[in-house]
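Structural overview
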Amino acid sequence: APGDIPVVAIDRGGQVTYHGPGQLVIYPLIDLRRRKLGVRDLVTALEMAVCDTAAGYGIDASPRADAPGVYVDGRKLASVGLRIRRGCSYHGLAFNVAMDLEPFARINPCGFAGLEVTQLEDLGAPTDLRQVAEDLLPHLLQRLGYPSGLSLTQASSSEILLGVPTSRHSPVCSNAATPPQSIAHPTNGASGNTPYSQPTNKDLLYIAIPRNVSPTP
């Protein structure tokens, strides 16, 4: 049972997970038809970007064919949960960096009873969320087929925008955490069928980096 942690029902694929301080959350808001990507292509790109980042820290991480996400010695390091609507993606990737993992023991992570989770801190890797985001970004861009060269401070190209707010995370058990309503989405939301109401001709990577959160809870 989640105890005092709020449970939020949401519309992405997958089962229950936990979001809290010390976790890096990435929302790829992508027009898949424009980028000629399938859903499996997007999932693989997100997974392999985490694997590439982990490899840079000397960690052997890999995806699993039977359960989306990234694993190290059978323990889950990152979760992937997406929703595709009108050919465009939202929700995304949660990468465990330096957090209190105890709440995962209150649930069946991603629907798997007894699934253990891990994080970069326990694997001897960097624990600064902004550094990890900077390290992850070029791998995300490369795996998704965008031009390289963007950073958290150089946040726009002809094809993609980066949204990098910094705010506290509130712990939540959910089927995904939802980004703010004002974030632009590549679809035209006039019909009210998506939570993003500002159309744009660019895709968007929304990178949530909590501030004022110490590496260890």
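Residues numbered from 1 in each chain as written. Predicted model: local features only at pLDDT ≥ 70, side-chain atom pairs only at ≥ 80, totals over all residues. Heavy atoms only, no water.

Structural notes on the sheet that holds strand S6 (residues 75-85)
Taken together, the 7 strands give an open sheet; going across it, the order is S4-S5-S6-S7-S3-S10-S8, and neighbouring strands pair in mixed fashion. Of all strands in the sheet, those bounded by a partner on one side alone are strand S4 (62-64) and strand S8 (160-163). In this sheet, adjacent strand axes meet at a mean angle of 20 degrees when their direction is disregarded. The pairing of strand S3 (residues 23-29) with strand S7 (residues 88-96) spans 4 bridges and is antiparallel. Bridge assignment links Ile 26 to a residue of S7, and that residue is Leu 93. Most of the contacts of helix H2 (residues 39-56) go to S6, to which it runs at about 150 degrees, and overall it touches S3, S4, strand S5 (67-72), S6 and S7. (Pairing = 2+ DSSP bridges. Helix = DSSP H or I, 4+ residues; strand = E, 2+ residues; numbered from the N terminus. Axes fitted to C-alpha atoms, helices over the stretch in contact; angles between N-to-C directions. Contact = heavy atoms within 4.5 Å.)

Notes on the confidence of the model for the protein chain
Averaged over every residue, the pLDDT of the protein chain is 75; the share at 70 or more is 68%. Mean pLDDT across the elements of the protein chain ranges from a minimum in strand S9 (residues 172-174), with 40, to a maximum in H2, with 96. Across residues 166-199, confidence stays below pLDDT 50; counting only partners more than four residues off in sequence or on other chains, it has 110 contacts. Throughout residues 212-217 the model reports pLDDT below 50, and contacts reaching past four residues in sequence, or to other chains, amount to 11 contacts. (pLDDT = per-residue confidence, 0-100.)

Considering the environment of Asp 66
Relative to the helices and strands, Asp 66 is located in the loop between S4 and S5. There is a polar contact of 3.0 Å between the side chain of Asp 66 and the side chain of Arg 64. (Polar contact = N/O pair within 3.5 Å; in protein donor to acceptor, adjacent residues only side chain to side chain.)

A short note on helix H3 (residues 129-144)
Across its 16 residues, H3 extends 21 Å between first and last C-alpha, which sits within 8% of the 22 Å expected from 1.5 Å per residue. If you look at H3, its biggest bend is around 30 degrees, right at Leu 136, and the proline Pro 138 turns up within four residues after that. Turning to H3, its buried residues number three or more, namely Leu 129, Val 132, Ala 133, Leu 136, Leu 137, Leu 140, Leu 141 and Leu 144. Contact partners of the buried residues in H3: S3, helix H1 (32-35), H2, S7, S8 and strand S10 (203-208). (Expected span 1.5 Å × (residues − 1). Bend = angle between axes of the 7 residues up to and from the residue. Buried < 20%, exposed > 50% of the residue type's maximum accessible area, 1.4 Å probe, protein only.)

A short note on unusual backbone geometry
Unusually for a residue other than glycine, Asp 73 sits at a positive phi of about 50 degrees. Relative to the assigned elements, Asp 73 resides in the loop between S5 and S6. Its relative accessible area of 72% is what places Asp 73 among the exposed residues. A positive phi angle, close to 50 degrees, is found at Arg 86, a residue other than glycine. One can find Arg 86 in the loop between S6 and S7.

Considerations on the environment of Ala 125
Assignment of secondary structure puts Ala 125 in the loop between S7 and H3. Classification of Ala 125 by relative accessible area gives buried; the value is 10%. Separated by 66 residues in sequence, Ala 125 and Ile 59 place their C-alpha atoms 8.2 Å apart. Residue contacts for Ala 125: discarding those within four places in its chain leaves Tyr 57, Ile 59 and Leu 120.

Some points on the side chain of Thr 118
Note on placement: Thr 118 falls in the loop between S7 and H3. Classification of Thr 118 by relative accessible area gives buried; the value is 6%. Beyond its immediate chain neighbours, meaning those up to four positions away, Thr 118 contacts Val 72, Arg 75, Lys 76, Leu 77, Asn 96, Leu 101 and Leu 123.

Observations regarding the packing of H2 against H3
It is at 8 Å that the axes of H2 and H3 come closest, and there the two elements cross at 145 degrees. In terms of crossing hand, the pair formed by H2 and H3 is right-handed. Every residue of H3 that contacts H2 at Leu 42, Ala 45, Leu 46, Met 48, Ala 49, Val 50, Asp 52 and Thr 53 is listed here: Asp 135, Leu 136, His 139, Leu 140, Arg 143 and Leu 144. Its residues assigned to classes, the contact of H2 with H3 shows 9 nonpolar, 2 polar and 3 charged. (Left-handed = near helix turned anticlockwise from the far one by under 90°. Nonpolar A, V, L, I, M, F, W, Y, C, P; charged D, E, K, R; others polar.)

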